[in-house]
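What the coordinates show
Spelled out from the first residue to the last, the chains are:
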Amino acid sequence: MPHITVFLTANLKSFGGTEGDIPKKVFGSNRLRFLIVARKRHLQKKNGKKVNDQHFAMELFGLLKTQFIFHLFICYVFLVSGLIVNFLQLCTLPLWAINKQLARKVNCRLAYCVSSQMVAVLEWWSGTECTLYTDPESYPFYGKENAIVILNHNFEIDFLCGWTFCERFGVLGSSKVLAKKELAYVPVIGWMWYFLEIVFCKRKWEEDQKTVAQSLQRLKDYPENFWFLLYCEGTRFTPKKHKISMEVAEKKGLPKLKYHLLPRTKGFCVTVQNLRGTVTAVYDSTLNFRNNQTPSLLGVLNGKKYHADLYVRRIPLDSIPENEAECAMWLHKLYQEKDEFQEKYSLTGRFPGPTVSPPRRPWALLNWLFWISLLLLPLCLLLLQLFNSGSAFTIFVTVAICIAGSLAVRWMIGQTEINKGSSYGNKEGLLNNNS
Ligand SMILES: CC/C=C\C/C=C\C/C=C\C/C=C\C/C=C\C/C=C\CCC(=O)SCCNC(=O)CCNC(=O)[C@H](O)C(C)(C)COP(=O)(O)OP(=O)(O)OC[C@H]1O[C@@H](n2cnc3c(N)ncnc32)[C@H](O)[C@@H]1OP(=O)(O)O
Ligand SMILES: CCCCCCCCCCCCCCCCCC(=O)OC[C@@H](O)COP(=O)(O)O
C-alpha cells in the first residue's frame, strides 16, 4: 500500500489532482483514499459523468503502464530470457548433424519463446487491435500453407503487426523474412534468426544474387508451415526516399506511387523462382493504422493502444509469370494496386471487402507470464542480497550492468525507429549505400 500512495502522490499532477486535495496530516491508506477521490473527481469533471470503479481501475492501470520501472522490468525479462533462448539454440548445434528436421522444429519453438513476448506486449499490454480485411474463401488457407507475404514498409511496428498475424494463424515460430544483414548482429533477435534460417541480404545484388538463392533453396524441405515476408520497397518510407524512388520510376517510365516506394523487383523474382513448388501463394498485404496513428515500439511499451487494419489478397503462385522481366512488371502492377488501396483507405478509413478479427490466442501471454515468473524471483533475491551486502563496489558494478543493459535494449529499440534508419534508397541507382 505505501508504494502505491507514493506513486500516486508523485503522479498527482498527471492524475489531475492538486496538493490541496490531500490534507497535510493524513498518511498511509487514508492518504491513498484522498488521492483516489481526487482522481475520480478530476475524471468526473473531464467526462461530465460519474466514474465507476472499473473505469477508474483501467485509468490507473493505464498510468502504471507509462512508468519507466515497468519498462525496465519488461526489457529485463526480454533480454535475459532471449539470451537463455540463444544459449539453448546454441546447444542444438549437435542435433543439426543427427536429426536436422528435429533441430529445426526445436528452434521454431525456442524462437516462439522470444518473438511471442513482443506479440504479448502488443496484444495484451498495449491492447492493440488488429482487423483483417480478406476474402472469406482465402481465410481457411491462412496458416495451413507456405506463403510469400508482401507488405508495405511505412510503420515502425509493421513487423510486429505481421508477427501478431503469424501468432494468430499459428506460424509465428517458423516465419521468415528477407532481412538486411545488419539485423543478424542484433542480440537476441538477430542471433535467434540465424537458427531459424532467416534469409539475409546486403542489398547489393552482385553479392546477394548467389547467397539469397542458396538460402531460399534450403527452405525447400522445411518441416513447418511458414510465411516468408518480403518488404519489396527494401527500406522504410521517408519523404526523401520517396522523392528519389519516384525519380527512378519516371526514368523507367513507370507510373508514380503516392504511398509506396518503387519496389525492388530482384528479391521478389528470385524468391518466387526458388520457392516455386514450396510455397503455394503470395499474400499481398497492405497495412494501415486508424486515425493516422504513427505507432512506435516505445508507444507500445507505454501501453498505447493502436488499431491496425490489414488488407490481404491471396494470389496463387501459379498465376505469377516465370519470366523475370514479366515477373518484375507483375510486381510493379501489384504496387500500383496497393497504392490505390491506400488511397481508398485514406479517403474512407477502410479497405475493400469484409472484415474479420482473428482472436488473440492465450499462448503468447502464457509464455510471457512463464518467463516473468521464472525471472522475477532471481531478480528480487539478487537486489536484496546486493543491498544487504552494503558493498559500494558491488552496488556500483550492478548499477553499471543495469545501465549497460538498458542502453543495449534502447539501441535495439532504435533499430525499429525510422529516423535512425539506413541511407539505403537515399541515393539513386549505383550510388546506393547501406550505412
Ligand atoms: C493473413 C495474414 C497475412 C500477412 C501477415 C503479414 C506479415 C507476416 C509475415 C511474416 C513475418 C515474419 C517475420 C517478420 C519479422 C521481422 C521483419 C523485420 C525486418 C526485416 C526487414 C528488412 O530488413 S527490409 C530490407 C531487406 N530486404 C529487402 O531489401 C527486400 C527487397 N529488396 C530486393 O529485393 C533487392 O532487389 C535486393 C535486396 C535483393 C538487392 O538489392 P539492391 O539494392 O542490389 O537492389 P536492386 O538490384 O534491386 O537495385 C537496383 C535496381 O533498383 C533501381 N533503383 C535504384 N535506386 C532506386 C530507388 N531509390 N528506388 C527504387 N529503385 C531503385 C535500379 O534502377 C535497379 O533497377 P533494375 O531494373 O536494374 O532492377
Ligand atoms: C517484450 C518486449 C520487449 C521490448 C523491448 C525489447 C526491444 C527489442 C527490439 C528488437 C527489435 C529487433 C527487430 C528488428 C526488426 C526491425 C524491422 C525493421 O523495420 O527493419 C528495418 C529494415 O526493414 C529496413 O531498414 P531501413 O533501411 O529502413 O533502415
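All figures in this text were calculated on a predicted structure; none of them were measured in a lab.

With that settled, the discussion passes to the UniProt feature "transmembrane region" (unreviewed entry) in the chain. In the numbering adopted here, UniProt assigns the feature "transmembrane region" (unreviewed entry) to residues 68–98, 368–387 and 393–413. Overall, residues 368–387 shows 100% helix and 0% strand. The separation of its end C-alpha atoms is 28 Å. Across residues 393–413 one finds 100% helix and 0% strand; the C-alpha atoms that close the span lie 30 Å apart.

Okay, the site of ligand 1 next. Around ligand 1, the surrounding shell holds 39 residues, and the nearest of these are Lys180, Trp205, Lys252, Lys266 and Tyr424. Leu178 is positioned with one of its backbone polar atoms (N or O) 3.2 Å from a nitrogen atom of ligand 1. The contact in question runs from an oxygen atom of ligand 1 to an N or O atom on the side chain of Arg264, over 3.2 Å. With the chains in place, 89% of the 1500 Å² that ligand 1 exposes on its own is no longer accessible. For the shell around ligand 1, the elements supplying multiple residues, two or more each, are helix H7 (158–168), strand S3 (176–180), helix H9 (205–218), strand S5 (227–230), helix H10 (239–252), helix H11 (265–275) and strand S7 (307–316). Within the shell around ligand 1, the residues separate by chemical class into 23 nonpolar, eight polar and eight charged.

Okay, the pattern of salt bridges next. Oppositely charged side chains may form a pair once their charged atoms are brought near each other. A full pass over the atoms with the stated rule returns 18 salt bridges. Measuring nitrogen to oxygen at the nearest pair gives 2.8 Å for the salt bridge that ties Arg314 to Glu145. Within this pair, whereas Arg314 is found in strand S7, its partner Glu145 is found in the loop between strand S1 (129–134) and strand S2 (147–151), the two being separated by 169 residues in sequence. Note on Glu145: relative accessible area 8%, which makes it buried. In this structure, Arg313 and Glu337 form a salt bridge, with 2.8 Å as the shortest nitrogen-oxygen distance. Residue Arg313 is located in strand S7, and its partner Glu337 is located in helix H13 (residues 324–348); the two are separated by 24 residues in the primary sequence. Relative accessible area serves as the criterion here: at 22%, Glu337 is assigned to the partly exposed category. A single network of salt bridges, built from pairs that share partners, joins Asp284, Arg313, Lys333, Glu337 and Lys338.

Rules behind the numbers
Residues numbered from 1 in each chain as written. Chains lettered and ligands numbered in written order. Predicted model: local features only at pLDDT ≥ 70, side-chain atom pairs only at ≥ 80, totals over all residues. Heavy atoms only, no water. UniProt positions renumbered as here; feature names shortened; annotations may be inferred. Helix = DSSP H or I, 4+ residues; strand = E, 2+ residues; numbered from the N terminus. Near = heavy atom within 4 Å. Polar contact = N/O pair within 3.5 Å; in protein donor to acceptor, adjacent residues only side chain to side chain. Areas by Shrake-Rupley, 256 points an atom, 1.4 Å probe, with all protein chains shown as cover. Nonpolar A, V, L, I, M, F, W, Y, C, P; charged D, E, K, R; others polar. Salt bridge = Lys/Arg side-chain N within 4 Å of Asp/Glu carboxyl O. Buried < 20%, exposed > 50% of the residue type's maximum accessible area, 1.4 Å probe, protein only.

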